[in-house]
Structure formats: structure tokens, C-alpha cells
Amino acid sequence: MKGFGGPTQAPTWVTHGLVPLINLGLALVIAGIIIALIGENPFEALRLLVLGAVGYPEAIGYTLYYTTNFVFTGLAVAIAFHCGLFNIGGEGQAYLGGLGAGLIGLYLGHWPAPVVIPLAIACAMAFGAFWAFIPGWLQAKRGSHIVITTIMFNFLAAALMTYLLVEIFIKPGQQAAESRTFEAGAWLPFVHDVFAAFGANIGRSSLNLSIVVAAVCLVLFWFFVWRTRWGYEIRAVGHNESAAVYGGIAPDRAIMLAMAISGGLAGLVGVNEIIGVHHRLLLEFTAGYGFVGIAVALMGRNHPAGILLAALLFGILYQGGSELAFDMPNVTRDMVVVLQGLVILFSGALEHMFRGRIERLFARRARAVAA
Amino acid sequence: MEAVTWIVLVIDATLRVSTPLILAAFAGMFAERSGVVDIGLEGKMLGAAFAAAAAAFATGSAWLGLLAGMGASVGLAMIHAFACVTHRGDQVVSGMALNILVAGLGPVLSLAWFGQGGHTPIVADTARFRPIHFPFADRLSDVPFIGQIYSEIVSGHNLIVYIALGMVPLAAWFIYKTRFGLRLRAVGEAPEAVDTAGISVAGMRYRAMIVCGILCGVAGTSLSIAQNALFVRDMSAGMGYLALAALIFGKWRPVPTLFACFLFAFADAVQARLQGVDIPGVGIIPVQAIQALPYLLTVLLLAGFVGKAVPPKASGVPYVKER
């Protein structure tokens, strides 16, 4: 699906470093122009944004907390991309993942944490995987287009969760559609509490141990995609489905596997949000994180190292963006959403605008040097 | 009499809800019939809704609002065409990018221009498309049945409702009976054949996207200055995706798509009236179940469990001229 073009002799740092940076730069320049047009100083905005994201310990914590979500959704989109599939359903899969974690929290929260938390993580992944597996199965076996199906599944997830929260899980005697708070066994510890246990004091934030899960996922992702047979099969199908068939690979199996993994990764957002931060089930906790994953995967070129950097960038933008509004009332978090759209536009839809030209330039230079 | 009134009111609401849906679904039809997948209907509607409300507020003219709405939407459609047709970018990625971009830009601009958090100021009634009352509608409303139908269903809608309904046969004629329509369908099915005939594939797709932009612009305008009196963040609320579903449900053909729009809008109208009503023998139907129905139906249809939906052959595929 993603045109990686023909073989180029451009150096790796050009393909994986310079070109994404140029695309990001373009998105930043346009966002800067918009900020200037609404009468604020873009450079001042950038300074305040960075300060708000990494300027003090609590801010760093929040930045990393957002980064955790974006690592999950970025990896989720990326594994599907590797199979040539575009999973727009991260939002719904994350929602369902939260339901999975929340069910364990609600019903088994009185058990000891070392048992409950792995269960909740597994359940979140299973629910997310299930919600993505169905579109994967429909694509593989019935030929329905994954993009449309995953969009529809986002709305189905929203309807399902609203129903469950309004009619079933709502805490009696309460107006807001939220469940009761879980017992302590289902609380994934905050990082500041973990540090405090060792006598170190760091700023309080929403950052919780989900970040460890995210780190593990990044490493496992690399291993799975480039070092296992299943990863190879997924990439082969994504690259050229008919060639994969000749190689003895069953594309439908690879598609279903990639989607299930994708959904499982997206479901982990539910772990970070539900048992990591809110400790209860609530509506709309996914807050568009699933869509940010698209930008993260595109910027990170579907590689864990790139995804980590892109997720960090969006973590900074999200945290810094919400701080920015205090000093520049005209520049709100919505500006970050604008930037996110621009990043997807330039590093996704318009990637061929510069990529080909720049790569050819460097390839020519490389040949000239060789000759 | 009670039942007749109920049905008349539901049909009235169906017409109102279906208007932006029909316009957006037909916008998508022009795009997809030409081979450009457009999941950016949502963003174009939202962008148009903002532009229309902002312009109508600033100029006091609903018509300038409509013009601004169409302009914004066509602009977005041209970015989509530039990315997907000229640069052969991924059409789904581009559509998604524009949806997200607009979702952020509307609130940013309304804050910067009007100092309002996430919405525009309220547009005066004189700068909106108000319901048009046909002659004698008031006097006939007491006449049972015929009078009710005339005064509630035929009369009393805003101009855009009538525009949308009038557009449908026009669009169908355009797609099936004109040279432009033949080329449009051809370019979505077999672009290489169109190219061989000496017609520019890119040119056709750009033109289709302009039509798509205009229709989405009208749809967005109807949201902000006909059905409502201001722009609110995310006011399209997934309607662009629902239109996409209707388009698929209608198998990319005008008449079935129109009925799919009516069906989805009808479900919405019924849902609003059934809230908390205990139906004998069935009980209370959860609102969410009815809301989920259009999406579920679309999934089932795409999977071939109810009929079969076959998209235009070349939709989603960038055209590369043979060298």
C-alpha cells in the first residue's frame, strides 16, 4: 500500500532521516504561519511549548505519559502498514481495550495486584485484538475493505461503550456515565510512587508503569517484524501479495494475524488510561490517540526507533500544547491537532512530493562519487 | 390521528436529517466514481460549516456564507486531488489528514477571529437559510392528512433541503446521460482506456473533486447556517463517514444511495422519538442500538452477507501513465 518506490541508492540517513525531517519541517512551517496569521509569535509559541513539555519534572512525566499512548497506537498502525493494511480503527480498538482492562478491574480488583495487572493487560490486548480481528477476517475471507470496516467499527465501539456505561456499569446514584473506582489491586502504580518507594522524589504526573509495557512492545515489535517467520510473512504480503502466494505464504492468515496484533497494541492504550490513570471506566478516554498513531507510524517510517521518536515528538506537542494555552490564550491544544493533520499530510499523503526528488539527487551524487 | 401526526413528524425529521447526508454521499459518489477514494467528506463538511458560519456572521448574507462554505470545501478537495492525483499519494491517508486538520483548524480560527472557544458567534436569522413556507401552508395545516402532509412535509424546509432533493435527479442524469458522466465512470473503472482515448485522467479526476467539493460545501453550509445558527466544534459528528456508508450501501449508484440516506436518516429520526418509549412486546430499545444500525448494516453489506457491494474498479488506485 505504501509506495516505497523502486530501489534507490540514496544513503539510509537521507531516506530515514533527512526526508522525514523535511516533511516535519514543512508541517511546522505551515503551523507557524497559521500561528502568525492569528496574531501570535510562532517562535515564542515554540519556546513556550517546549518549556511546557520538558521544562520541569511534572511536565516531563506528562509528556512521557502521552508518549506511552502514542507508542502503542503508532506500533498498532505500523504493524498493519507492514501488511499493506490501513487500520483506522485504533480508536475503537483502544476503547475496547479499556473495556477489557476495566472488566478485570471491576470484578477482580480485590485480588492481589501481581495477579490482577497481568490479567488486565492480557484482557485489554485480547479485547483490542478481537475488535481488529473481525475487520481483518472480513478483509481476508470476505474481501470487505479494511479502511471502511475499521471506520465502522470505531462507531460500533462508541455505541457499545456508551450503552455499557450508561445502562450497566454506571455507578448507582451518579449522573456522569462512569463506573465505580476499582479496588487497589487493579491500580497500575504511578512512576512517581515507584520512585518514592525507593526514596527518590520526582514530580507527580499521570505517568505510570505502562511506559515499561511500551518499551517492551517496541523491542518485541522489532524482533517480531524482522526476526520471525510471522513477521516475514506479514511483510511479504504487504510488499507483494501475489509474490507471497508463490512463496507459499497464505495472505489471509498474515492479514488476520497483523490485524489482531495491531488491535492488541491499540488495546494497550486502555491499560495506560483505565488501570494506569483513571482507575474506573469512563466515556471517550481514547481522546483521538488512535488517530495520532497514524501520524506517528507515518513519521516513524513503521520502524520502532522512528516510532519512539515520533511518539516522543507528539508527547511533547500534546503536553506542551496544553500548557501553551495558559500563556497564549489564542493557541490551544487544537493547534496541535492542526499540526497533526499537517504531519499526516506531508509525511503520508504528499511523501512523494519531495522524497523521489531528494533521493534521486543523493543517489546521483553517490554514483558520481563511486565513478 | 395521533399515528398520522407521529408519522408526519418522523418523515419531516427524516428529510431534515437526510439533507447533508444526501449531499455528502453524492459528493463522495462523484469522487469515487472517478477513482478517488474520499474519506475526507467529514472534513470538507466541517470546513464548509465553519466557513459558512464565519462568512454569514461577518457579511450578514446567507448566500455569501454558502459561497464561502463551497470555497473552503473545494479548496480542501483540491489539496486532496493535489496529493492523490498529482503526487499519487495514498488517498486514505490524505483524506484522514484533512479530516484531522479541519477538526483542529475550525476551533483555532473561531477562537482567533471571534474570541469564542470552539464555536462561532450566533448567526442572525437574516443571514441564514430559513424555512420556506409555501402558500396556504398555515391555513391548510388543520386539514387532516393532506393538509398535514402539505404543511409539514412539503412546505416549511430551508432552501438547502429542496436544493439537495433537486440535485439528486440532476446528478443521476449527469453521471449516466452526459459525456462528462460517461468519462467520469470510465475513469473510475478503466483509466487506461480513458487515457488511450486522449482524455486526461488527472483532469477528469480534478473535475470530479471540484464537484465533490461543491456538494460537500453545500452539505456543510446546511449544517451551520440552515439547521443551526452557528458553527460548533465537531458539529459534523461523523456524518461524513455515515454518508460514506450510505454511498457504499447504495452501491455507488444514485437511487439506492438516496434511499440509503433516507434509511439512515429515518433510523435517526425514529431513534429520537423512541427514546425511553416502552414498545409492547419488545421493551425499551437502547438508543445506541439504533445509532449503531447504519454502521452494522454497512459492515454486513461489505462482507457480502446482505447483497454485494462492488466499488469502482480503479477507486483508490493512483493512475500511472505507461511510458
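Small disclaimer: the values here were computed from a predicted structure and weren't measured.

Visitor: Quick question: what am I supposed to make of the overall build of chain B here?
Guide: Of the regular secondary structure elements, chain B holds 13 helices and four strands. Here chain B has a C-alpha radius of gyration of 20 Å; the compact-globule value for 323 residues is 20 Å, and the two agree. Taken along the three principal axes of its C-alpha coordinates, chain B extends 70 × 50 × 35 Å. Every one of the 323 residues in chain B was classed for burial, and the buried ones make up 51%.

Visitor: Quick question: what am I supposed to make of the overall build of chain A here?
Guide: Broken down by element type, chain A carries 15 helices and zero strands. Computed over its C-alpha atoms, the radius of gyration of chain A comes to 21 Å, within 12% of the 21 Å expected for a compact globule of 371 residues. Taken along its principal axes, the extent of the C-alpha atoms in chain A is 75 × 55 × 40 Å.

Visitor: Help me out: how do you make sense of helix H8 (residues 179-189) of chain B in this one?
Guide: Because an α-helix packs 3.6 residues into every turn, residues spaced three or four apart end up facing the same way. Listed as buried for H8(B) are Arg183(B), Leu184(B), Ala186(B), Val187(B) and Gly188(B). Elements that come into contact with the buried residues of H8(B) comprise helix H1 (2-33), helix H7 (159-177), helix H9 (191-196) and helix H10 (201-227) of chain B.

Visitor: Help me understand the packing of H1(B) against helix H6 (residues 146-154) of chain B in this model?
Guide: Packed helices, taken two at a time, are described by the angle between their axes plus the distance between the axes. Residues and elements named next belong to chain B. It is at 9 Å that the axes of H1 and H6 come closest, and there the two elements cross at 25°. Comparing their axes, H6 and H1 come out roughly parallel. Here the hand of the crossing between H1 and H6 comes out right-handed. Each of Val4, Thr5, Val8, Leu9, Ile11, Asp12 and Leu15 in H1 lies in contact with H6, whose residues at this interface are Gln148, Ile149, Glu152 and Ile153. Here the contact of H1 with H6 is composed, by residue class, of seven nonpolar, two polar and two charged.

Visitor: Explain the interface of chain B and chain A here, please?
Guide: By a widely used convention, the size of an interface equals the accessible area lost when the partners come together. Between chain B and chain A, the residue contacts involve 37 residues of the former and 41 residues of the latter. At the level of elements, helix H3 (62-86), helix H4 (91-114), helix H11 (239-249) and helix H13 (287-302) of chain B are the ones that each hand at least two residues to the side of chain B that touches chain A. The residue makeup of the side of chain B that touches chain A, split by class, is 26 nonpolar, nine polar and two charged.

Visitor: What's the story with the confidence of the model for chain A in this structure? I'm lost.
Guide: Close reading of the predicted structure is inappropriate where its pLDDT is low. All names here are of chain A. Within chain A, residue pLDDT values average 91, and 97% of them lie at 70 or more. Per-element confidence in chain A ranges from a low mean pLDDT of 80 for helix H15 (residues 351-370) to a high of 97 for helix H8 (residues 210-227). Within the model, the stretch residues 1-7 combines pLDDT values under 50 with seven contacts to residues more than four positions away or in other chains.

Visitor: For this particular structure, what's the right way to read the packing of helix H5 (residues 113-142) of chain A against helix H6 (residues 146-169) of chain A?
Guide: All names here are of chain A. Interaxial distance between H5 and H6 falls to 9 Å at its minimum, and their mutual angle equals 150°. One element, H5, and the other, H6, form an angle in the roughly antiparallel class. Crossing of H5 over H6 shows right-handed handedness. Contacts from Trp131, Pro135, Leu138 and Gln139 in H5 reach Ile146, Thr149, Thr150, Phe153 and Ala157 in H6. Counted by class, the contact of H5 with H6 contains six nonpolar, three polar and no charged residues.

Visitor: Before we go on, may I ask you to explain the environment of Leu156(A) in this structure?
Guide: For Leu156(A), the location among the structural elements is in helix H6. Spatially, the C-alpha atom of Leu156(A) lies 13 Å from that of Ile88(A), the residues being 68 residues apart in sequence. Leave out the neighbours within four places in its chain, and Leu156(A) touches Gly92(A), Ala292(B), Tyr295(B) and Leu296(B).

Visitor: How do you make sense of the environment of Ile170(A) when you look at a structure like this?
Guide: Residue and element names in this part refer to chain A. With respect to the helices and strands, Ile170 occurs in the loop between H6 and helix H7 (191-197). Separated by 51 residues in the primary sequence, Ile170 and Phe221 have C-alpha atoms spaced 37 Å apart. With residues up to four places along the chain from it excluded, the contact list for Ile170 reads Leu165, Ala177, Glu178 and Ser179.

Scoring rules and cut-offs
Residues numbered from 1 in each chain as written. Chains lettered and ligands numbered in written order. Predicted model: local features only at pLDDT ≥ 70, side-chain atom pairs only at ≥ 80, totals over all residues. Helix = DSSP H or I, 4+ residues; strand = E, 2+ residues; numbered from the N terminus. Rg over C-alpha atoms; globule rule 2.2 N^0.38 Å. Buried ≥ 20, exposed ≤ 12 C-beta atoms within 10 Å, placed from the backbone. Contact = placed C-beta atoms within 7 Å. Axes fitted to C-alpha atoms, helices over the stretch in contact; angles between N-to-C directions. Parallel < 35°, antiparallel > 145°, perpendicular 65-115°, else oblique. Left-handed = near helix turned anticlockwise from the far one by under 90°. Nonpolar A, V, L, I, M, F, W, Y, C, P; charged D, E, K, R; others polar. pLDDT = per-residue confidence, 0-100.

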